[in-house]
Amino acid sequence: MLIKRGRDWEINQREVTDEALFLNRRSFIKSITAGAILAPSMVGFGSSANAKKKKMEIDPTASLYPVRRNDRYTVKRAISDEYDATTYNNFYEFGSHKSIYRAAEALKTRPWTISIDGLVEKKQLIDFDKLINSMPLEERVYRHRCVEAWSMIVPWTGFPLARLMELAKPLSSAKFLVMETMMDPETMPGQKQHWYPWPYSEGLTIEEAKNELSFLVTGVYGKPLPNQMGAPLRLAVPWKYGFKSIKSITRFSFTNKRPVSFWERIQPKEYGFWANVNPEVRHPRWSQATERTLSGPRVPTQLYNGYTEFVADIYKNLSSEKLFM
Ligand SMILES: Nc1nc2c(c(=O)[nH]1)N[C@H]1C(S)=C(S)[C@@H](COP(=O)(O)O)O[C@H]1N2
Ligand SMILES: [Mo]
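Keep in mind that what you see is a predicted model, and the values were worked out from it rather than measured. (Residues numbered from 1 in each chain as written. Chains lettered and ligands numbered in written order. Predicted model: local features only at pLDDT ≥ 70, side-chain atom pairs only at ≥ 80, totals over all residues. Heavy atoms only, no water.)

Caption draft 1: Broad picture of the overall build of the protein chain. When helices and strands are counted, the protein chain shows 10 helices and 12 strands. Working note: accessible area of the protein chain is about 14,700 Å², and carbon and sulfur atoms make up 55% of it. (Helix = DSSP H or I, 4+ residues; strand = E, 2+ residues; numbered from the N terminus. Areas by Shrake-Rupley, 256 points an atom, 1.4 Å probe, with all protein chains shown as cover.)

Given below as structure tokens:
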């Protein structure tokens, strides 16, 4: 991982390495074999003509925002600064560091077709604009806890994942929901790095997906999602580590087989299927006891990221599973 300096809160973070460390070593070795060395200047990728064009376009859903906040999910701590949350991102499709927000302008978010398939009564392709206009939008202030031990509090706009499941009508044989990110190596240059198992994918059990907290996000800070945060549609599952909250989704597939997601495929000793937040269960390379908030102090991490009352029931008969990695 590149060492980036500049903000006070980053200085204490040297001991915390991130998801990229293991991979960077492997990719480094592979790129040498391929006869090319990844220079740090290449990792961020450039802004393109596309990006500039995109800036000129007006988001066709802009008039839907802002929407009413649902106070059932309000967090007591302060909401993170919008600039901080929108310029410090994980989106490996655009590079393995945090400053991908300019590069992500290249992502083409229209037209955006979403496939619902697998073990469902109603296989379908839905246009994103049609979908969002058929859904009850609300705002929810959620915590977000990255496995790298940083966190933020943001006001997401979106609708419950359960509403999308009602459209799909999963069969009783469906036990898991798998989601996939858009595959487009031309606008997402990270996807040309063949050592990653693209497309990015994530999975939940049907019970987790139906939980009231599972939220499909279309906007943040009272506006449509910026590309770097996963436009036009991403997941928020706030009781789990951030990598479960997949961005720029184009596919929802129902299956009876537990999926192996992006990070689990890369490093199964460090990233598992469940990935529920627990301050007492260390990442093999660092403690998860505390977290650095994006615009605030270091604070203790909470079990299920503070959402125990909403989710504990899901796990009561699953104690033999590795629920916290
Ligand atoms: N497609 C995709 N989704 C992704 C990621 C990614 O690299 N690609 N990173 C994940 C991780 S590790 C985190 S912490 C969050 C970060 O979301 P944010 O950039 O909006 O804060 O997105 C998650 N979703
Ligand atoms: Mo993360």
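Anyway, onward from the coordinates.
Caption draft 2: Just the pattern of salt bridges, in detail. This model, assessed by the stated rule, comprises 17 salt bridges. A salt bridge links D59 to R110; its shortest N-O distance comes to 3.5 Å. Here D59, found in the loop between α4 (49-56) and α5 (82-87), pairs with R110, found in the loop between α5 and β1 (113-118); they are 51 residues apart in sequence, far enough to count as distant. Owing to a relative accessible area of 25%, D59 belongs among the partly exposed residues under this scheme. (Salt bridge = Lys/Arg side-chain N within 4 Å of Asp/Glu carboxyl O. Buried < 20%, exposed > 50% of the residue type's maximum accessible area, 1.4 Å probe, protein only.)

Caption draft 3: Broad picture of the sheet that holds strand β10 (residues 249-255). Read across the sheet, 5 strands follow the order β2-β1-β10-β5-β6 without closing on themselves; strand pairing throughout is mixed. Edge positions in the sheet fall to β2 (124-127) and β6 (201-205), since each has one partner strand and no second. Averaged over all adjacent pairs, the angle separating strand axes in this sheet is 20°, with direction ignored. Of the strand pairs in this sheet, strand β5 (residues 176-181) and β6 are connected by 5 bridges, and their pairing is antiparallel. Directly across from M179, in β6, lies its bridge partner E202. Its contacts with the sheet put helix α7 (residues 161-168) on β1, β2, β5, β6 and β10, and the angle it makes with β10 is roughly 65°. (Pairing = 2+ DSSP bridges. Axes fitted to C-alpha atoms, helices over the stretch in contact; angles between N-to-C directions. Contact = heavy atoms within 4.5 Å.)

Caption draft 4: Seen up close, the nonpolar core. Among the nonpolar cores identified, the biggest contains 87 residues, and W156, L161, L216, L235, W239, F252 and F254 are the most heavily contacted of them. Among the elements that make up this core, the one with the highest residue count is strand β4 (residues 150-160) (6 residues). Once you skip the residues sitting within four places of it in the chain, W156 turns out to touch E138, E139, R140, Y142, F215, V217, G219, V220, L225, M229, R234 and A236. (Core = buried A, V, L, I, M, F, W, Y, C linked by side-chain atoms within 4.5 Å.)

Caption draft 5: How the structure looks around the site of ligand 1. Ligand 1 sits among 19 residues. The nearest are Y92, E93, T181, S245 and K247. Note that an oxygen atom of ligand 1 is positioned 2.9 Å from one of the side-chain N or O atoms of N89. Here a nitrogen atom of ligand 1 and a side-chain polar atom of E93 are 2.8 Å apart. For ligand 1, whose unbound accessible area comes to 530 Å², protein coverage reaches 100%. Taken together, the residues of the shell around ligand 1 sort by class into 9 nonpolar, 6 polar and 4 charged. (Near = heavy atom within 4 Å. Polar contact = N/O pair within 3.5 Å; in protein donor to acceptor, adjacent residues only side chain to side chain. Nonpolar A, V, L, I, M, F, W, Y, C, P; charged D, E, K, R; others polar.)

Caption draft 6: How the structure looks around empty space enclosed by the protein. Going through the model one piece at a time under the given rule, you end up with 2 cavities of 30 Å³ or more. Forming the boundary of the largest cavity are 21 residues, of which N90, F91, G242, F243 and K247 lie nearest the centre. Broken down by class, the residue content of the lining of the largest cavity amounts to 11 nonpolar, 6 polar and 4 charged. What lines the second largest cavity is simply Y142, R143, H144, R145, W156, A236, V237, P238, K240, G242 and S245. Class assignment for the residues of the lining of the second largest cavity results in 5 nonpolar, 3 polar and 3 charged. (1 Å grid on protein atoms, 1.4 Å probe; cavity = no way out; pocket = protein on both sides within 12 Å on 5 of 7 lines; lining within 4 Å. Points joined across faces, edges and corners; volume = space filled by probe spheres on them.)

Caption draft 7: Spatial organisation of the side chain of S201. Checked against the element boundaries, S201 lands in strand β6. If sequence neighbours within four positions are ignored, S201 has contacts with M179, E180, I246, V260, S261 and F262.

Caption draft 8: Seen up close, α7. Every buried residue belonging to α7 is among L161, L164, M165 and A168, and all of these are buried. Taken end-on, α7 shows its buried residues confined to a sector of 105°, consistent with a single buried face. K169 occupies a position one or two residues after α7 and carries a positive phi of about 50°. (Arc of directions from axis to C-beta.)

Caption draft 9: Region of interest: the side chain of K247. Looking at where K247 falls in the secondary structure, it is placed in the loop between β9 (234-236) and β10. E93 provides the closest opposite charge to the buried, salt-bridge-free K247, at an N-O distance of 7.5 Å. Only 2.7 Å separates the side chain of K247 from the backbone oxygen of N90, close enough to count as a polar contact. In this structure, K247 is in contact with N89, N90, F91, T181, Q228, M229, G230, L233 and R234, ignoring residues within four places of it in sequence. (Lys, Arg positive; Asp, Glu negative; His and termini not counted.)

Caption draft 10: Inspection of the pairing of β10 at higher detail. Within β10, 6 of the 7 residues are buried, which leaves the element mostly enclosed by the surrounding structure. For β5 and β10, the ladder comprises 6 bridges, and the chain directions are antiparallel. Each residue of the ladder has a partner; that of V178, found in β10, is S253.

Caption draft 11: Seen up close, the pairing of strand β3 (residues 138-145). In terms of burial, β3 is a largely internal element, 8 of the 8 residues being buried. Burial of the side chains of β3 extends over both faces: E138, R140, Y142 and H144 are buried on one face and E139, V141, R143 and R145 on the other. One ladder, built from 8 bridges, connects β3 with β4; its direction is antiparallel. Each bridged residue has a counterpart across the sheet, and for R140 the counterpart in β4 is W156. Hairpin connection of β3 to β4: 4 residues between the antiparallel strands, including A149 at a positive phi of 75°.

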